[in-house]
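Take a look at the letters that make up each chain.
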Amino acid sequence: MRAGLVLEQVDKSFAGAKAVERLSLEVHPGEVVALTGPSGAGKTTTCRLVAGLEYADAGNISVAGRDVTRLPPQQRDVSLMFESFALYPMMNVADNIAFALRAPTRAGRTDAAAIARCIDEVLALTEMSDLRERMPHELSGGQKQRVALCRALALEPAVYLMDEPISHLDAKLRHKLRAALRRRLVAAPAPTLWCTPDSMEALSVADRVAVLVDGRLQQFDRPEAIYTRPANTQVARLVGDPGMNLLPGTLVRDDGALRFRHKEMTVDLSDETRTRLDASGSSGNVVLGVRATDMEIAEPGAADAHRVEVYSYEPFGKYAILTAKLGGDMIKAKIFDATHVDIGDVLSIRLHGRNAVVFDAATAKAI
Ligand code: ATP
């Protein structure tokens, strides 16, 4: 049996509706795998199945080489941090964390000095050191979430399960904690399954990312691969901020070269993409995936640019997100120059095909 966390062909339905379908995943010891997907994708159900709070209808789950599929939660040795955290209302912050460490099932972790050191460390990591004496009712939602996180981190389980562990924190603290948590989790011997609907959080914290939609695994790969080579249009749309632009069109041969033709424009594809498409023998209807960062505002009338009408313009400081109508399609471009743009303006947009991904229009799969 393999070390780490292994799910094999796991199925779970609720009242006949599949929440998780034939899910196979492996998280190695010391590895962080992020499970991402939209609301209702099955992320929490997967965590609960591993924790033993739900039982799989079919398939197997093993933790550290032990088949836990039918074991009750207390025999699984998992540390689960819930999205809806529950603290003990009569205990202060430090005692809430210590309680988990003193539990009889955690034999061997009862040394008072070791417990105190561990509490100091996790409180410092989550920037909660000055709140150690507070009672739960004296804490904000984000602070309560950090106590729950401390409780989960303080344990030395066979697997860490983090269900949206930093979702209630403000953006600055979330970014800071992402890095701090990742450092700690990869240094631990146990595997971590980290669930989040935020695809950027998934890419930033994980060694590998699993994308789940409607209970089915769409892609399981390194963050760079998920971002640059999404396996299908669903992953392309979900991953990134914003997700990939998806433009319907056809592949055409022009002067011996292969190009993408949209009703409003033609896009040159990279040599690598051309080679891949040539090898696959693909032709006909496709969908072109283009990242918002591969578009730029061009000088008016530029021959290699296309007219678009501005739908919205959102300035974020060092860049802006421009949403515009290109024929019947809506596109999103990430603009890095400081040009101010108004709704309804007509602009020229240049679209680069260098990083584009071509999807089969019929199957939605990357070619
Ligand atoms: P979110 O990001 O919104 O938390 P999720 O990806 O964690 O979503 P799950 O909570 O795992 O999704 O839910 C997966 C599917 O299973 C959903 O369609 C949900 O409605 C359903 N589901 C989950 N738990 C139950 C339950 N106890 N009874 C019935 N249906 C359930």
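Residues numbered from 1 in each chain as written. Predicted model: local features only at pLDDT ≥ 70, side-chain atom pairs only at ≥ 80, totals over all residues. Heavy atoms only, no water.

Caption draft 1: View of the sheet that holds strand β19 (residues 346-351). One open sheet accounts for five strands, arranged β15-β19-β16-β17-β18; its pairing is antiparallel. Of all strands in the sheet, those with a lone pairing partner are β15 (295-298) and β18 (329-335), marking the two edges. Looking at each pair of strands side by side, their axes are set apart by 50 degrees on average, direction ignored. Looking at chain direction, β15 and β19 are connected through four bridges and run antiparallel. In the strand pairing of β19, Met295 is matched with Leu351. (Pairing = 2+ DSSP bridges. Helix = DSSP H or I, 4+ residues; strand = E, 2+ residues; numbered from the N terminus. Axes fitted to C-alpha atoms, helices over the stretch in contact; angles between N-to-C directions.)

Caption draft 2: Summary view of the packing of aromatic side chains. In the structure shown here, the tally under the stated rule is three aromatic pairs. Arranged with centres 6.0 Å apart and planes meeting at 45 degrees, the rings of Tyr319 and Phe336 form a pair that is tilted. Remark: Phe336 occurs in the loop between β18 and β19 and Tyr319 occurs in the loop between β16 (305-315) and β17 (320-326); sequence separation between them is 17 residues. The structure contains a cluster of three or more aromatic residues connected by ring pairs, namely Phe316, Tyr319 and Phe336. The aromatic ring of Tyr227 is capped on one face by Arg291, whose charged end is 3.8 Å from the ring centroid. Here Lys334 stacks its cationic end above the ring of Tyr319, 4.4 Å away from the centre of that ring. (Phe/Tyr/Trp six-rings, centres within 6.5 Å; stacked < 30°, edge-to-face > 60°. Lys NZ or Arg CZ within 6 Å of the ring centre and 35° of its normal.)

Caption draft 3: Broad picture of the site of the ligand. Close contacts around the ligand come from twelve residues, with Ser39, Gly40, Lys43, Thr44 and Thr45 the closest. Measuring from an oxygen atom of the ligand, one finds a backbone N or O atom of Gly40 at 2.8 Å. Protein contact buries 57% of the 640 Å² of open area that the ligand shows by itself. No other element matches the three residues that helix α1 (residues 43-51) contributes to the shell around the ligand. Across the shell around the ligand, the residue classes tally to four nonpolar, five polar and three charged. (Near = heavy atom within 4 Å. Polar contact = N/O pair within 3.5 Å; in protein donor to acceptor, adjacent residues only side chain to side chain. Areas by Shrake-Rupley, 256 points an atom, 1.4 Å probe, with all protein chains shown as cover. Nonpolar A, V, L, I, M, F, W, Y, C, P; charged D, E, K, R; others polar.)

Caption draft 4: Local environment of the sheet that holds strand β14 (residues 284-290). Read across the sheet, five strands follow the order β13-β12-β11-β14-β20 without closing on themselves; strand pairing throughout is antiparallel. A single partner strand is all that each edge strand has here, and the edge strands are β13 (265-268) and β20 (357-360). Going across the sheet, the axis of each strand differs from the next one's by a mean of 40 degrees, ignoring polarity. Strand direction decides the pairing type here: β14 and β20, joined by four bridges, are antiparallel. Among the inter-strand pairings, Leu288 is bridged to a residue of β20, identified as Val358. Where helix α9 (residues 271-280) meets the sheet, its contacts fall on β11 (245-254), β12 (257-262) and β20, and the angle it forms with β12 comes to roughly 95 degrees. (Contact = heavy atoms within 4.5 Å.)

Caption draft 5: Structural detail: the domain arrangement of the chain. Domain annotation for the chain reports domain 1 (5-231) and domain 2 (245-360). Using C-alpha coordinates to define each centre, domain 1 is positioned 38 Å away from domain 2. Facing five residues of domain 1, the contacting portion of domain 2 comprises five residues. Interface of domain 1 and domain 2: buried area, both sides summed, is about 480 Å²; carbon and sulfur atoms make up 47% of it. On the domain 1 side of the interface with domain 2, the three residues burying the most area are Tyr227, Arg229 and Pro230, jointly 85% of the side's total. Taken together, the links from domain 1 to domain 2 amount to zero salt bridges. Linking domain 1 with domain 2 are one residue pair in polar contact (both at pLDDT 80 or more), by the criterion used here. Looking at the side of domain 1 that touches domain 2 residue by residue, the classes come out as three nonpolar, one polar and one charged. (Domains from an automatic or database assignment. Buried area = accessible area lost by both parts, 1.4 Å probe. Salt bridge = Lys/Arg side-chain N within 4 Å of Asp/Glu carboxyl O.)

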